[in-house]
Amino acid sequence: MWKGAIQFGLVTIPIKLYLATESKGISFNMLHKDDLSRIQMKIWCPVEDEPISRSDTVKGYEYSPGEYVVITDEDLERVPLKTVRSIEIEQFTKVERDDSNTRFVKSAYYVEPDKIGRKAFYLLKSVLEEDGLTAICKVVIKDREALSALDPFGDTMLLTTLHWPDEIRSTAELDLPDEQFEFKPAELTMAKQLVSAMTGEFDATQYKDEYRQALEAVIEAKVEGKETVEIEEPEETGKLIDLMAALEASVSAAKAARTAGSEPPVSVAEAREAKAAKAEKAAKAETAGASKRKPAAAKAAAADEAPAKTARKRKSA
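Along each chain, the written sequence defines residue order, and numbers are assigned to residues from 1. Reporting in this predicted model follows two pLDDT cut-offs: at least 70 for local features of residues, and 80 or more for side-chain atom pairs to be given and counted; totals over whole chains, interfaces and linings ignore these cut-offs and use all residues. Hydrogens and water are ignored here; the side-chain numbers use all heavy atoms of the structure.

> What is the right way to look at the environment of Asp73 in this model?
Helix and strand assignments come from DSSP, with helices taken as H or I runs of at least 4 residues and strands as E runs of at least 2, each series counted from the N terminus. Structurally, Asp73 is set in helix α1 (residues 73–77). Sequence separation of Asp73 and Val58 is 15 residues, and the distance between their C-alpha atoms is 9.5 Å. A distance of 3.4 Å separates the side chain of Asp73 from the side chain of Lys59, its partner in a polar contact. Distance and chemistry together define a polar contact, namely a pair of N or O atoms within 3.5 Å, with one atom able to donate a hydrogen and the other to accept it when in protein, and with adjacent residues in sequence counting only for side-chain atoms on both sides.

> How should the packing of aromatic side chains be read in this particular structure?
In this description, an aromatic ring pair is defined by two values, namely the gap between the centres and the angle between the planes. For this analysis, a ring pair means two rings from Phe, Tyr or Trp (six-membered ring only for Trp) whose centres lie within 6.5 Å, classed as stacked if their planes differ by under 30 degrees, edge-to-face if by over 60, and tilted for the remaining angles. All chains considered together, the criterion is met by 3 aromatic pairs. Between the aromatic rings of Phe121 and Tyr122, the centroid separation amounts to 5.0 Å while the plane-to-plane angle is 85°, which identifies the pairing as edge-to-face. By relative accessible area, Tyr122 is classed as partly exposed at 36%. Here the term buried applies to any residue with accessible area under 20% of the maximum for its type, exposed to any over 50%, and partly exposed to those in between, with areas from a 1.4 Å probe on protein chains only.

> Can you help me understand the sheet that holds strand β9 (residues 133–141) in this one?
Strand pairing in a sheet relies on backbone hydrogen bonds. The paired strands run either parallel or antiparallel. Each pair of strands is called paired provided DSSP finds at least two bridges between the two strands. One closed barrel holds the 7 strands; their spatial order is β1-β2-β8-β11-β10-β9-β7, and the pairing between them is mixed. If you compare each strand with its neighbour and ignore which way they point, the axes differ by 40° on average. Bridge count between strand β8 (residues 105–113) and strand β11 (residues 156–162): 5 bridges; the pairing is antiparallel. Residue pairing for β11: Ala108 is matched across the bridge by Thr160. As a rule, the C-alpha atoms of each element are fitted with a line to give its axis, helices using only the stretch in contact, and angles between N-to-C directions run from 0 to 180 degrees.

> Just to check I follow, could you spell out the side chain of Asp151 for this structure?
Among the structural elements, Asp151 can be located in strand β10 (residues 144–153). According to the relative accessible area criterion, Asp151 is buried, its value standing at 16%. Of the polar contacts made by the side chain of Asp151, one reaches the side chain of Thr134; its length is 2.5 Å.

> Sorry, what's going on with the pattern of salt bridges here?
Two side chains that carry opposite charge are able to pair once their charged atoms sit near each other. We define a salt bridge as a side-chain nitrogen of Lys or Arg found within 4 Å of a carboxyl oxygen belonging to Asp or Glu. Applying the stated criterion across every chain, the model contains 6 salt bridges. Here Lys59 and Asp73 are joined by a salt bridge, their closest N and O atoms 3.4 Å apart. In this pair, Lys59 is assigned in strand β5 (residues 59–64) and Asp73 in helix α1, connecting sequence segments 14 residues apart. Glu129 is the salt-bridge partner of Lys125, the closest N and O atoms lying 2.8 Å from each other. Within this pair, Lys125 and its partner Glu129 are both found in helix α2 (residues 118–131), separated by 4 residues, close to a single helical turn. Residue Glu129 is classed as partly exposed on the basis of its relative accessible area, which comes to 45%.

> Honestly, the environment of Lys119 in this entry has me stumped. Any pointers?
Within the secondary structure, Lys119 is located in helix α2. Between the C-alpha atom of Lys119 and that of Ile13, which follows or precedes it by 106 residues, the distance is 9.0 Å.

> Would you mind going over α2 with me for this structure?
In an α-helix, one turn spans 3.6 residues; hence positions three or four apart end up facing the same way. Over its 14 residues, α2 runs 20 Å from end to end, which matches the ideal 20 Å to within 8%, given 1.5 Å per residue. Here α2 has its buried residues at Phe121, Leu124, Lys125 and Leu128. With its buried residues spanning 100° around the axis, α2 presents them on a single face. Opposite the packed face of α2, turned more than 90 degrees from it, sit the exposed residues Lys119, Leu123 and Glu130. Trailing α2 by a residue or two, Gly132 shows a phi angle of about 60°, which is positive. A helix is expected to span 1.5 Å multiplied by its residue count minus one. Read the arc as the range of directions from the helix axis to the C-beta atoms.

> Would you explain the nonpolar core in this entry?
Nonpolar core, defined: a set of buried Ala, Val, Leu, Ile, Met, Phe, Trp, Tyr and Cys residues in which side-chain atoms within 4.5 Å join the residues together. Within the largest apolar cluster, 20 residues are counted, with the highest numbers of intra-cluster contacts made by Ile6, Ile15, Leu17, Ile87 and Leu150. Among the secondary structure elements, those contributing two or more residues to this core are β1 (2–8), β2 (11–19), β7 (86–94), β8, α2, β9 and β11. A per-element tally of this core places β9 first, with 5 residues. Core analysis: the second largest hydrophobic core is formed by 6 residues, Met190, Leu194, Leu247 and Val251 among them.

Worth remembering: the numbers are spatial, not functional.
This is the structure we're talking about:
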């Protein structure tokens with residue numbers, strides 16, 4: 001989707017960019033609810049009061065209210081910036097960068113070097129890998145200059161576009177508490193145990209888009225004329241949650257799930273359910289024990305009473 005070069009000092013590396021990701025979501029068409037015909041989105045000219053084709057449109061910039069200047073593709077090509085056709089490396093920095101701006105990623109692109117620039121490309125990749133560095137760059141993609149990071153990735157490199165600092169909103173807009181929370185040693189210990197029980201190597205293949213799968217099932221059922229099943233919404237409660245009890249139940253459930261080799265439940269609701277199930281099981285065991293103890297106690301009482309009756313009979317005799 002982009003062709004140019006990486007500028008590495010005086011070294012030019014011809015490359016191409018390809019989108020590294022694609023959307024797998026389910027898309028819908030807009031229909032007229034009366035006859036289910038697919039509606040059409042037309043481009044309308046308010047002056048001529050009629051629809052026009054997309055080929056009859058041009059790009060325009062509104063420099064004052066109601067006043068526009070037309071910008072052509074040729075104008076965009078002539079923008080006096082090297083980043084229009086090259087990825088300009090500005091600096092190198094450690095991968096463990098603390099700058100929060102680099103956390104806000106827009107898009108990711110695979111980099112494919114042309115044959116003539118492969119040696120220089122893999123030389124740069126090798127240096128970045130060995131020294132644990134990332135290259136901070138600037139490049140123009142889709143009529144916008146983007147701040148970006150270039151990193152080794154498998155057998156190629158990955159270019160990720162970032163947001164400019166003035167595009168990132170401040171956390172001051174959030175309603176965050178001013179007070180500092182203090183935690184009991186037992187709470188910290190239990191929380192660390194829960195984190196430890198849920199810690200492991202990340203394997204992306206273990207995760208799937210369950211919403212998309214469920215939505216596909218709903219669509220398939222509708223196509224086949226079946227009734228769709230309504231999923232019960234989780235019960236909402238305004239009660240305060242016992243943090244320690246939730247942590248204890250979560251740790252137990254996580255350890256049990258890890259032993260069984262399945263994904264551990266991590267939500268508070270699942271923790272409450274696990275605790276309730278444990279309490280219910282204990283209550284049933286207590287009831288069963290009481291039922292067994294009752295006949296035994298009655299039998300023992302009868303055995304104690306038998307000698308007393310015999311003694312009374314002898315006395316009356």
